[in-house]
Amino acid sequence: MSDLETFRKDARAWLEENCPAEMRDGAGGEDNICWGGRNWKFQSEAQKIWLGRMAEKGWTVPAWPKEYGGGGLSKEEVKILKSEMRDIKARSPLESFGIWMLGPALLKYGTHEQKLHFLPPITRGEIRWCQGYSEPNAGSDLASLQCKCEDKGDHWLVNGQKVWTSYADESDWIFCLVRTDPKATKHNGISFLLIDMAAQGVSTKPIKLISGKSPFCETFFDDVKVPKEHAPGIGAIVGDLNRGWDVAKYLLTHEREMISAGGGGLFGGRGIGEIAASEIGLEDGRLADPMLRGKIAQAEIDGWAFLLTLERMKDEAKAGQGVGANSSLLIYYGSEFNKRRFELLMDSGGSEALEWEGERTQDGKLARSWLRTKANSIEGGTSEVQLNIIAKHILRLPGA
Amino acid sequence: MALVLTEEQQMLRDSARGFLDEKAPVSALRKLRDANDETGFSRDLWKEMAEMGWAGILVGEDHGGTDFGFVGAGVLAEEMGRTLTASPFLSTSILAATALQKLGGDAQRQEHLPKISAGDAVFALAVDETRKHGPQKTAMKAEKHGNGFKLSGDKTFVADGQVADNIIVAARTAGAPGDAEGITLFLIDAAAKGVTAERTVMVDSRGAARLKFDGVEATGDDVLGEVDGGLAALEGVLNAGRAGLAAEMSGSAQAAFAMTMDYLKERKQFGTEIGSFQALQHRAAHLYSEIELMKSVTLKALQDLDEHYGMAGIICSLAKAKAGEVAKLAAQEAVQMHGGIGMTDEFDIGFYMKRIRVAQEMFGDAAFHADRLAMMRGY
């Protein structure tokens, strides 16, 4: 038996023994995620047990090195573990911005001491992080951010405002882009700073969205003193002073690759045509609304072609072919397609899909999801920004 | 199977590109058009392609072919799409070769496949009778006559029908137009009594014809596949043609797009390259994305034809629909972004728009295939 086969067998046996039955319902969706953190209230005892066991094994972040709380697994082993988890429909034990964003940034740019200090609490779900990037006047033009960070000898003094900070009101720490050199050109005076949200002068205010939910906040910094070292030898800045844009750029690329790699998740569940057929009905084997039927068929063609493109680009990457900047293509097309898909689902649902409250529609579940998709083409770089990237880096058009 | 070309397929692509750029650029098609060439392609060039193994790309080695499979055929179709090469590749090397390989009896294969491989015979597939594609609508009659059949009816939009040596024709041995049952495929000598071909000069300057069958006699030996059960068999052959056309359109769209990107980088207005204008950049980037999607479905359709031929119907419809729409967009954007020069006959881009228009109509346009896909998906 090869090493990988042995690993698969062991992983399967371990999961079988350690994954609680309640965590094997394959439930995804934002409502079922375990985010962790100081203020986290577990939704069930099983959720707590599952996190504890996985964290101990290092499998909340299986690819991270063991010394920082990870599983130290190879790429192939991670793939096997994920496929074994899928097979028993195991929920993810823990998700967080610490895992997705800060971790990869620290692993690449952090000192060994910073990694030892900050990473293990992330892997155990003890500290929940949020991301402070956008500002009221720095959205698509992120590098124009103004949040002020002054050198006061033994500490940094931070003043300014962030916006679209996901779950800032429930987070323990924030990783921020701040301006440490106002005189430098705009990309060269930014630093990547770690701030304890419990510090004096940090406050948050949830933003209510059109879906009725408030996943994002405004975050304010009023004379916040951030120690230069959070503990002896543990610097508050990741990477070099004034080189925070490098870290941000690395993370944006990482984020895009992650989104594009996970793009298949956009299409979980039943096809649009199948849903429409059950809601509107058929006449002579065709959807009873012929104009809508045509639009749905076109959308299914595009959706399918998109999934095949994800597959092709993964295969090309494996074969050492392909274009790196294509992740922008995948994000652009995927997010635009998802919006289109939900428009068609709303069309299929008709007036019933418009009910905002009540059991019949699970409090307007579809309508709220439909509204949520409108952010797909805004967050993490708007569709227009993605098109700019394609024009510049792939098509090499002038002045782009 | 990984959704990428193998090394062997990449080599085929590279050598095809080199050959076609040199021997069959768009100017070759222009020459044929200006000469009002009846054949519609260069026989010398076709012979050369046959010598390289292209004509028999789908034919087994026992019949002189190179047996490269549908992905290989698609690679060639795509490259010919880039240069708008006129040849009987689709009619003979994809459609007829597939029909004979999949449906032909030993004698039929023995007689015809070596000639296809050698580039010595041109075939045509005659299916449509009305202006819109629909094999099931076949009305042409094949009535029992003695031990054989008598074929009567008209066919239209037959690629290479004006020069074909042999014609594969769908006719009704039973049932009425619209019925799935009762269609039979016949392999008819184009010189047979009662067959007449009227060359139709088409917008794309490629060879095509309307065919008339007036009491053409056929024997049981001329039947390709099974009597009455021909629709499924015909669909299989058409699927290969659809995937081939998708590949061709993919090549044409990529070439038109490349020409357009070059133009955006050199044409200056308002004191700067027009490619620096965001209004054009975003449209170009969108089109680029669509082209990438087209490439993925096309390759998948060809791979599926190789791996599970009988199950490839839905993916071939997907590829034909997507490629048709994307190539059309590429042609339209190419003309628009070239501005006035794009409207001139002297400039090549118009040839692309014309060929894409024909290719997207042939064997079902995007609407036909979207409908077919929806039916197969249960709505």
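Residues numbered from 1 in each chain as written. Chains lettered and ligands numbered in written order. Predicted model: local features only at pLDDT ≥ 70, side-chain atom pairs only at ≥ 80, totals over all residues. Heavy atoms only, no water.

**Concerning the interface of chain A and chain B**
Contact with chain A, which involves 43 residues of that partner, is made by 41 residues of chain B. When the area that chain A buries against chain B is broken down by residue, the three leading residues are Ile 301, Trp 304 and Arg 312 of chain A, summing to 18%. In this structure, the connection of chain A to chain B is made through five salt bridges. As a salt-bridge pair, Arg 312 of chain A and Glu 292 of chain B come within 2.8 Å of each other at their nearest N and O atoms. Along the contact surface separating chain A from chain B lie 20 residue pairs in polar contact (both at pLDDT 80 or more). The class makeup of the residues in the side of chain A that touches chain B is 23 nonpolar, nine polar and 11 charged. (Contact = heavy atoms within 4.5 Å. Buried area = accessible area lost by both parts, 1.4 Å probe. Salt bridge = Lys/Arg side-chain N within 4 Å of Asp/Glu carboxyl O. Polar contact = N/O pair within 3.5 Å; in protein donor to acceptor, adjacent residues only side chain to side chain. Nonpolar A, V, L, I, M, F, W, Y, C, P; charged D, E, K, R; others polar.)

**Some words on the domain arrangement of chain A**
Under the domain assignment, chain A is made up of domain 1 (3-95), domain 2 (129-243) and domain 3 (262-394). Once you take the C-alpha centre of each, domain 1 of chain A and domain 3 of chain A turn out to be 29 Å apart. (Domains from an automatic or database assignment.)

**Some remarks on the packing of aromatic side chains**
Under the definition given, this model contains 19 aromatic pairs over all chains. Between Phe 19 of chain B and Trp 54 of chain B, the aromatic rings sit 5.4 Å apart at their centres with planes inclined by 75°, giving edge-to-face as the arrangement. Of this pair, Phe 19 of chain B sits in helix H1 (residues 7-23) while Trp 54 of chain B sits in the loop between helix H3 (43-51) and helix H4 (69-83), placing them 35 residues apart in sequence. We note Lys 57 of chain A situated over the ring of Trp 59 of chain A; from NZ or CZ to the ring centre the distance is 5.0 Å. Its guanidinium or amino end placed over the ring of Trp 156 of chain A, Lys 228 of chain A lies 4.6 Å from that ring's centre, counting from NZ or CZ. (Phe/Tyr/Trp six-rings, centres within 6.5 Å; stacked < 30°, edge-to-face > 60°. Helix = DSSP H or I, 4+ residues; strand = E, 2+ residues; numbered from the N terminus. Lys NZ or Arg CZ within 6 Å of the ring centre and 35° of its normal.)

**Points about the state of the cysteines**
Residues and elements named next belong to chain A. Taken as a whole, this structure holds zero disulfides over all chains when the rule is applied. The thiol of Cys 34 is unpaired, and the distance to the nearest cysteine sulfur, on Cys 19, comes to 13 Å. Summary of cysteine pairing: Cys 176 is not part of a disulfide, and the nearest cysteine sulfur, belonging to Cys 147, is at 5.8 Å. (Disulfide = S-S within 2.5 Å.)

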